[in-house]
Amino acid sequence: MEKTSDRAKKSRADILMSIEKGLIPHAKWEELVFYPAFMERADREGLKTHAEAVQEHRAVELTVLPDLKTKQVDSADFAGSAKVLGEFVDHHAKEEETTMFKMVRKLFSKDELASMDEDYETWKDSAEAAEAFRNASRQPSPVPVA
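I will try to describe carefully the structure that is included in this document. Keep in mind the model is a prediction, meaning the values are calculated, not measured. (Residues numbered from 1 in each chain as written. Predicted model: local features only at pLDDT ≥ 70, side-chain atom pairs only at ≥ 80, totals over all residues. Heavy atoms only, no water.)

Brief notes about the overall build of the protein chain
Note the threshold: For the purposes of this entry, the term helix denotes a DSSP run of H or I that reaches at least four residues, the term strand denotes a run of E that reaches at least two, and both are numbered from the N terminus. Throughout, exposure labels follow a simple rule: accessible area from a 1.4 Å probe, protein chains only, divided by the maximum for the residue type, with under 20% read as buried, over 50% as exposed, and the rest as partly exposed. Contacts were defined at the residue level, with two residues in contact if any of their heavy atoms lie within 4.5 Å. In these tables, accessible area is a Shrake-Rupley quantity obtained with a 1.4 Å probe, and a residue counts as shielded only by the protein chains included in the view.
Helix and strand counts for the protein chain stand at five helices and zero strands. Starting at the N terminus, the α and β elements of the protein chain follow one another as α-α-α-α-α. Based on the C-alpha atoms only, the size of the protein chain along its principal axes is roughly 50 × 30 × 25 Å. Taking all 146 residues of the protein chain together, the buried fraction comes to 34%. Partitioning the contacts of the protein chain with sequence separation of at least 6, the portion at a separation of at least 24 is 74%. Accessible surface, the protein chain: about 9,100 Å² in total, of which carbon and sulfur atoms supply 55%.

Okay, structure coming up:
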């Protein structure tokens with residue numbers, strides 16, 4: 001997204017839709033399946049990591065992404081908001097990889113982790129995932145999208 005110019009209206013709109021179509025199902029699966037499984041086995045430090053991850057999801061899903069969708073795609077405001085979305089997602093992914101996944105590898109067997117990967121691959125193409133995406137996409141924006 002950062003490599004686009006304000007004139008790239010269609011490209012920016014397409015990129016945003018692609019990001020949303022990848023991000024939302026992934027986030028919903030984590031919230032509905034992965035995080036609860038992690039929470040059941042986590043110690044106090046793990047529970048704090050879980051709480052942080054949930055709040056980061058909430059920030060992106062309820063504030064950053066809906067706000068970005070209110071911006072005119074050919075504006076500097078859109079570019080700045082898109083950068084913030086990228087920063088949130090990058091931060092969250094790095095934290096998961098360095099903190100949560102380190103804990104997960106100790107809490108779950110390789111077979112359990114492989115099964116979760118397979119379950120996610122099946123789930124992301126399911127009706128439940130499509131419904132989760134539709135519900136998230138209907139999230140009210142602070143300002144109507146033009």
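Quick look at the pattern of salt bridges
What counts, and what does not: Any carboxyl oxygen of Asp or Glu that lies within 4 Å of a side-chain nitrogen of Lys or Arg is treated as forming a salt bridge with it.
Applying the stated rule across the entire model yields 10 salt bridges. Salt-bridge contacts for Lys 48 lead to Glu 45; the nearest nitrogen and oxygen are separated by 3.7 Å. With Lys 48 and Glu 45 both in helix α2 (residues 44-68) and three residues apart, this pair spans about one turn of that helix. Taking relative accessible area as the criterion, Lys 48 reaches 45% and is therefore assigned partly exposed. Among the ionic contacts, a cluster of salt bridges with common partners joins Lys 28, Glu 31 and Glu 61.

Things to note about helix α3 (residues 76-107)
Rules: In this scheme, a helix's expected span is set at 1.5 Å multiplied by one less than its residue total. Bend, at a single residue, is the angle you get between axes fitted to the 7 residues ending at that residue and the 7 residues starting at it.
When the terminal C-alpha atoms of α3 are compared, their 44 Å separation across 32 residues agrees well with the 46 Å that a helix rising 1.5 Å per residue should span. Approximately 40° is the largest bend angle found in α3, and it occurs at Met 100. Taken residue by residue, α3 has Phe 78, Ser 81, Ala 82, Leu 85, His 92, Glu 96, Met 100, Met 103 and Val 104 as its buried positions. The elements touched by buried residues of α3 are α1 (9-41), α2 and α4 (110-123).

Quick notes on the environment of Ala 130
With respect to the element layout, Ala 130 can be found in helix α5 (residues 127-137). Distance in space between the C-alpha atoms of Ala 130 and Ile 24 is 9.8 Å, their sequence separation being 106 residues.

As for the packing of α1 against α4
Condition: All axes here are fitted lines through C-alpha atoms, helices being fitted over the stretch that makes contact, and every angle between N-to-C directions spans 0 to 180 degrees. Put simply, angles under 35 degrees are roughly parallel, angles over 145 are roughly antiparallel, angles from 65 to 115 are roughly perpendicular, and the rest are oblique. The handedness criterion is simple: a crossing whose near helix is rotated anticlockwise from the far helix by less than a right angle is left-handed, and one whose near helix is rotated clockwise is right-handed.
One way to put it is that α1 packs onto α4 with a least axis distance of 10 Å and a crossing angle of 155°. Classed by the angle they form, the pair α1 and α4 counts as roughly antiparallel. Judged by the twist between their axes, the crossing of α1 over α4 is right-handed. Here Pro 25, His 26, Lys 28, Trp 29, Leu 32, Phe 34, Ala 37 and Arg 41 of α1 lie close against α4, whose contacting residues are Glu 112, Met 116, Asp 119, Tyr 120 and Trp 123.

Considerations on the packing of α1 against α2
Look at α1 against α2: their axes get within 11 Å of each other, and the N-to-C directions meet at 155°. Between α1 and α2, the interaxial angle falls into the category roughly antiparallel. In this structure, α1 crosses over α2, and the sense of that crossing is left-handed. In contact with Leu 16, Glu 20, Leu 23, Ile 24, Ala 27, Lys 28, Glu 30, Glu 31, Tyr 35, Phe 38 and Met 39 of α1, α2 contributes Gly 46, Leu 47, His 50, Ala 53, Val 54, His 57, Val 60, Glu 61, Leu 65 and Leu 68.

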